[in-house]
Every structure is written in structure tokens, then in C-alpha cells.
Amino acid sequence: MTEITQITPEQFRETAAHIEAEVGKYIVGQREVVRHTLICLIAGGHALLEGVPGLGKTMLVRTLAQVLDLDFARIQFTPDLMPADIVGTDILEETEGGQRLFRFQPGPVFTNLLLADEINRATPKTQSALLEAMQEKTVTVANESHRLEPPFMVLATQNPIEMEGTYPLPEAQMDRFLFKVNVAFPSSQDLVEILNRTTGEVEPQVAVVADGATILAMRNLARQVPVASPVAEYASRLVVATHPQPQSGGTVTAPDMVRRYVRYGSSPRGAQALILGGKVTALLAGRYNVAFEDLRAVAAAALRHRLLLNFEGQAEEVSTDDVVAAVVDSVEEP
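Residues numbered from 1 in each chain as written. Predicted model: local features only at pLDDT ≥ 70, side-chain atom pairs only at ≥ 80, totals over all residues. Heavy atoms only, no water.

A word on the nonpolar core
And then number 1: Grouped together as the largest cluster of nonpolar side chains are 72 residues, with contacts concentrated most on Ile19, Leu113, Phe179 and Leu274.
And then number 2: It is helix 2 (residues 31–43) that contributes the most residues to this core, 8 residues altogether.
And then number 3: Core analysis: the next-biggest nonpolar cluster, separate from the first, contains 26 residues, Leu81, Ile86, Val109 and Ile119 among them. (Core = buried A, V, L, I, M, F, W, Y, C linked by side-chain atoms within 4.5 Å. Buried < 20%, exposed > 50% of the residue type's maximum accessible area, 1.4 Å probe, protein only. Helix = DSSP H or I, 4+ residues; strand = E, 2+ residues; numbered from the N terminus.)

Here it is in C-alpha cells:
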């Protein structure tokens, strides 16, 4: 496949459509999940996939790697997993001349798509081993930094139901994920189609339709999409409205649901996620600038994991999706 360094908006949409079509050969339904995962990859961010077991989260990541001809690695997070099991470690080797030297043995994090399966099963020390790789795209071992080759993306999964023996991700680590994508249970029609595809004699085959260079070219194009001042102001208002306390010098008032149920609102990374996700969404829709509707399309995925509910919100089992919806409804366009 010829390496692509530049791509046109038309090629961008065609490539994205081909990727979604090929992934759809394995993943039944879940169009929003596939779309948001692809947006994350193109935008250069990471995704947290939340859903009960058996919904195809691992298959989604594996199929995406096949369609894009990218390196793929899977780590099953367990309580006894150590940081060195993720990033790698220095091993002592003896040369032919009898000298002993340390050589760095890379861990599974040195890949393109890294599936962190059940990330909340590992201890906080092991979870934090991913932070540098996610934010800086580097790994530091024994005071030596090793760079990760782009594109690099972490797709972490967690089960929202079974919380016994887990270590919930702290807010600072949740904030490193560009999107949090909820994987819903399939409908009865989709479940029938899943049975047909997975229990039959013929297994679906996917084709390679792009590569890492194409994804980087798509990322570069998305970064060039202009954002008008009113749209950027709208993204800022959405994030400010997630805070129950008025911000200094601000004119945005949080809706009643935020003031009643939210303890802390989104960080500035939430606004960055809105803009980056909006740029990719605009190109996918055939627009050459970000519109207000592009921000609304990604608002739930960009903000739902950045809101910390208070005790009353947790006691009444309020969903952060409902809070984000209230914010979107209350914030007017400039």
C-alpha cells in the first residue's frame, strides 16, 4: 500500500466509510461505538469502553487493527499485574566477550493499538504506568525515555456492574481519555445477526483499507479544520456549565441538575475533546468547518467521564449522561 502523507476531505470521508464498513462485517450494530472509536483514533486520543462482558469490545479493537494493518497488543489487567509487565524492563545480558550489559526489553505498550482489558482490575500503581505513554507518547525506564511510534492509541475496557475486587480509575486518569464510550446491549434483531455470524460455518473476512500513514494524514487534515470564535465559545460554555459553582468572571450559569448533583465539573481537557471530536465529526459530515451540531454530537462521549457526582447524585443513581444532556439543553449558542 502506497504511503499517504496528504489526503483530501473527499478521501477522508471515503476512507472513514470504508473503515466503518469493514469493521461492520464483524461488529453488528454499535454504529455510534465504532464511530466514536474511529474519531478518537483520528483525533489522536484514547478511548475508554464501558460495557458488560461479551459485547464485542475486544473484537472491535482487534478488527480495527486488522482493517488498518496496525500492530495490536492486548493486556489482561489483573491485581498481580506489575508496571514492568506493561512498559517493559531492562534485562541483564552477557556478551560474547564476557561483558554484562543491560538491554531494554520493550513491553506490550510498544504497539499501535493497545487494548487494556478490564483496566480497573489492576492496582493504581500499575494503572499509572500507562499515564506517561498516554499523555507524552513515551516510556521512561531507568532514567531513559523510549518513544512510541505513531499512531498510538489506548483502548481500555471496564465492566460497570461487577465492581468487587476492582480499583476504580481516579479522576486524573479518567481525564486522559478523550472519549468514554458506552457499549450498550444489542437489540434482539442485532443479537440474531450476531448468532448467525458467530455460530455459522463461514467466518467473516475483513480487508485492509488503510494503514498508519493514512490515519496520520487524516489526523493532520482534521487539525486544519477551522473553528469559528462562536463555536469555540460554545465549547467553553458547555464545559463551564458542568461546574456547580460559578467560575470567576464567567457569565454561564449551571443548570439545576448540575448544581444539585455534581461535585466537580469537567477539566479544560473536556473542551479540547469537544473541539477535536468536532473537527473529525465535521469532516465526516462533509463540512469544512466545525458547527455547533458537531460539538453536540460528541458532547456525551467527551464529558460523561469528566463529571464527578456528589453524594446525592450517587444516592439517586443519576446518570452523567443525563447531566450532560441537561447542560446541552441549557447552554445557548452564542
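Topic: the environment of Ala156
And then number 1: Relative to the elements of secondary structure, Ala156 occurs in strand 8 (residues 153–158).
And then number 2: Along the backbone, Ala156 and Leu48 are 108 residues apart, and their C-alpha atoms lie at a distance of 4.8 Å.
And then number 3: Those residues in contact with Ala156 that lie beyond four places of it in its chain are Ala47, Leu48, Leu49, Ala116, Ile119 and Phe177. (Contact = heavy atoms within 4.5 Å.)

With respect to the packing of helix 1 (residues 9–23) against helix 2
And then number 1: As a packed pair, helix 1 and helix 2 sit with axes 11 Å apart at the nearest point and diverge in direction by 130 degrees. Between helix 1 and helix 2, the interaxial angle falls into the category oblique. For the pair helix 1 and helix 2, the crossing hand works out as right-handed. Counted together, Phe12, Ala16, Ile19, Glu20 and Val23 of helix 1 and Val34, Arg35, Leu38 and Ile42 of helix 2 form the full contact between these two elements.
And then number 2: Considered class by class, the residues forming the contact of helix 1 with helix 2 number 7 nonpolar, no polar and 2 charged. (Axes fitted to C-alpha atoms, helices over the stretch in contact; angles between N-to-C directions. Parallel < 35°, antiparallel > 145°, perpendicular 65-115°, else oblique. Left-handed = near helix turned anticlockwise from the far one by under 90°. Nonpolar A, V, L, I, M, F, W, Y, C, P; charged D, E, K, R; others polar.)

So, the pattern of salt bridges
And then number 1: Under the counting rule described, the total for this entry stands at 17 salt bridges.
And then number 2: Two residues, Lys25 and Glu22, come together in a salt bridge whose shortest N-O distance is 3.1 Å.
And then number 3: On the basis of relative accessible area, Lys25 is assigned to the partly exposed category, the value being 34%.
And then number 4: Linking Arg260 and Glu312 is a salt bridge whose minimum nitrogen-to-oxygen distance equals 2.8 Å. In this pair, Arg260 sits in helix 11 (residues 256–261) while Glu312 sits in helix 14 (residues 311–315), placing the two residues 52 residues apart along the sequence.
And then number 5: The class of Glu312 is partly exposed, set by a relative accessible area of 32%.
And then number 6: Look at the salt bridges and you will find they share partners, linking Asp175, Arg269 and Arg306 into a network. (Salt bridge = Lys/Arg side-chain N within 4 Å of Asp/Glu carboxyl O.)

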